[in-house]
Amino acid sequence: MGKLAAVASTGVEALLLHPLRSATSLACLVAVVLPFVAGAGVARGLLDQVEESIDFGADLHVTASRFGRPAPVPLELVGTIRAVPGVRDAFPRIVGEVVLGVDRLPCVVVGLPAERLASAGELVEGRPWLPGASDELVVGAELASRLELQVGARLPPFYRNESGERVSTVVGILRADLPIWAGNVMFCSFETAGRIFDQAGLATSLLVTCEPGNREAVRRRLRSIDELAPRDDHGPLAVILRSKDDLAALLPSSLRHLEGIFTLHFVLAFAVGIPLLMVTSGIGLAERRREAALLKALGWMTDEVLLRGMVESALIALLGASLATVLAGAWLGLLNGAGIVGVFLPGAPPAVAFELPFRLLPVPALLAFVISFAVVATGTLHALWRAATAPPALALR
Amino acid sequence: MTARGRALLLAAAVALPATAAAMLTASASPAIHGGRASFQREVGGLGLGPAVDLSRCACGFDPRVESGCALGLEPVPVRSALGLPGE
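Please read all numbers here as calculations on a predicted model, not as lab measurements.

A. Quick look at the nonpolar core. Judged by nonpolar contacts, the single largest core of 73 residues is most densely connected at A:Phe187, A:Leu345, B:Phe39 and B:Leu46. Inspection of this core shows a minimum of three residues originating in each of domain 1 (2-51 + 252-396) and domain 2 (58-243) of chain A. Counting residues in each nonpolar core, the second largest holds 42 residues, with A:Val78, A:Cys107, A:Cys188 and A:Ile225 among its members.

Right, dumping it as structure tokens:
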């Protein structure tokens, strides 16, 4: 046992005997593993925010469709829904898109009833819009940063409306540590959003909050109400009801699908990385042969030579995986994922003003170690085995 | 091999995994963020995907807004020439 430990400790020395080779292997490992650990961290952080969006969001989302495509919902349905037993509250919401500035930045307009965001002053630098005030906007941190907007900034008319366009005022900027979807959003009152899109009496969805334990019962009752599928000159509107459970079942599978594609890409990268490292470790092949032959000539057994190589590989893998994890944490936390955000969040610039969500988990880090060890050991042990099984005189020649 | 090099390597072999383990432990369980929860309560739940706006794929921003995704046509190389949606 003591002999084995002594042989194993020479693995540490082997790493220091060839600092350039060790440093190159370490750098290659970090380059391969770091994006994987960082990407897995962002995927997990995003999933946390998705779960919050479902958990703290409305119990039921009522939307409509025509021709199988999304269609606006008439506001008359709000009263019908509120009258259903078990419904605590129902409110309309408008979610639409406009483009702003000479660079035509896409911006998500969200119109809410006056009492909604107005009660969440701590989320806003400045203030929320005032009930009854028109054309007051609260913009996301990312949008404010890209358009260089401050509280009090005035936006010239950016929409067309038959009753006339107005100058809008930025009265608040959302905090940077809110969900990523708040970054490019322009919040305003429901009436202001209706005027921006020149649509009166319509919402893109109705959000329903139910009394505790009544969600499914309310959903069943809503399905049985004829007024919920209003008929106009164009025929009946197909109303769609989505509950938290529907979303919880639908979305993680979608996100896992994306995460799976990401993982698949990295499996391919690792698969390419193994022969790559074998080729790069070929630089030190002559050194390894000579080293193994000398050890054999001194009386070392083949398994002892391999043990020494395995300890060296394990140490490099441990250092590589640990360094990749630390760098991933620093990159995502201190640098807010600068340069990599756009890869994971479509539409985001290389550096964002909002806080990038991430959570580093042990499984990807452990996987990084296992893969690092496999990559390094494949190159090292193969070369050592060939040298150690050959006659020393032949290997030294 | 110098004694200093060996000491440095051993220090790195202990410090790096310890730092990594501390970072993993610190982020092991998701912290409920008061601001984010409050925001989602106020707006009724907004955002359920990786996209940060509606321009490329509304479904990627929030499938509650639109369930289809124009990016489903992404592999078609002549999409813009054909006038297909998504740009």
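B. Highlighting the packing of helix 2 (residues 19-56) of chain A against helix 11 (residues 362-389) of chain A. Residues and elements named next belong to chain A. Taken N-terminus to C-terminus, the directions of helix 2 and helix 11 make an angle of 160°; their axes are 10 Å apart at the nearest point. Between helix 2 and helix 11, the interaxial angle falls into the category roughly antiparallel. Pair helix 2 / helix 11 crosses with right-handed handedness. Residue-level contacts link Leu29, Val33, Phe36, Val37 and Ala40 of helix 2 to Pro364, Leu367, Ala368, Ser372, Val375 and Val376 of helix 11.

C. Focus on the interface of chain B and chain A. With 46 residues of chain B in contact, the opposing surface of chain A contributes 71 residues. Both sides of the chain B and chain A interface together cover about 5,200 Å² of buried area, and 69% of this is carbon and sulfur. Counting the surface chain B buries against chain A, the share from its top three residues, B:Glu42, B:Val52 and B:Arg64, is 14%. A salt bridge links B:Arg36 to A:Glu52; its shortest N-O distance comes to 2.8 Å. Joining chain B to chain A, the criterion identifies 14 residue pairs in polar contact (both at pLDDT 80 or more). Elements supplying a minimum of two residues to the side of chain B that touches chain A: helix 1 (3-26) and helix 2 (34-43) of chain B. Top contributing element to the side of chain B that touches chain A by residue count: helix 1 of chain B, with 11 residues.

Conventions we followed
Residues numbered from 1 in each chain as written. Chains lettered and ligands numbered in written order. Predicted model: local features only at pLDDT ≥ 70, side-chain atom pairs only at ≥ 80, totals over all residues. Heavy atoms only, no water. Core = buried A, V, L, I, M, F, W, Y, C linked by side-chain atoms within 4.5 Å. Buried < 20%, exposed > 50% of the residue type's maximum accessible area, 1.4 Å probe, protein only. Domains from an automatic or database assignment. Axes fitted to C-alpha atoms, helices over the stretch in contact; angles between N-to-C directions. Helix = DSSP H or I, 4+ residues; strand = E, 2+ residues; numbered from the N terminus. Parallel < 35°, antiparallel > 145°, perpendicular 65-115°, else oblique. Left-handed = near helix turned anticlockwise from the far one by under 90°. Contact = heavy atoms within 4.5 Å. Buried area = accessible area lost by both parts, 1.4 Å probe. Salt bridge = Lys/Arg side-chain N within 4 Å of Asp/Glu carboxyl O. Polar contact = N/O pair within 3.5 Å; in protein donor to acceptor, adjacent residues only side chain to side chain.

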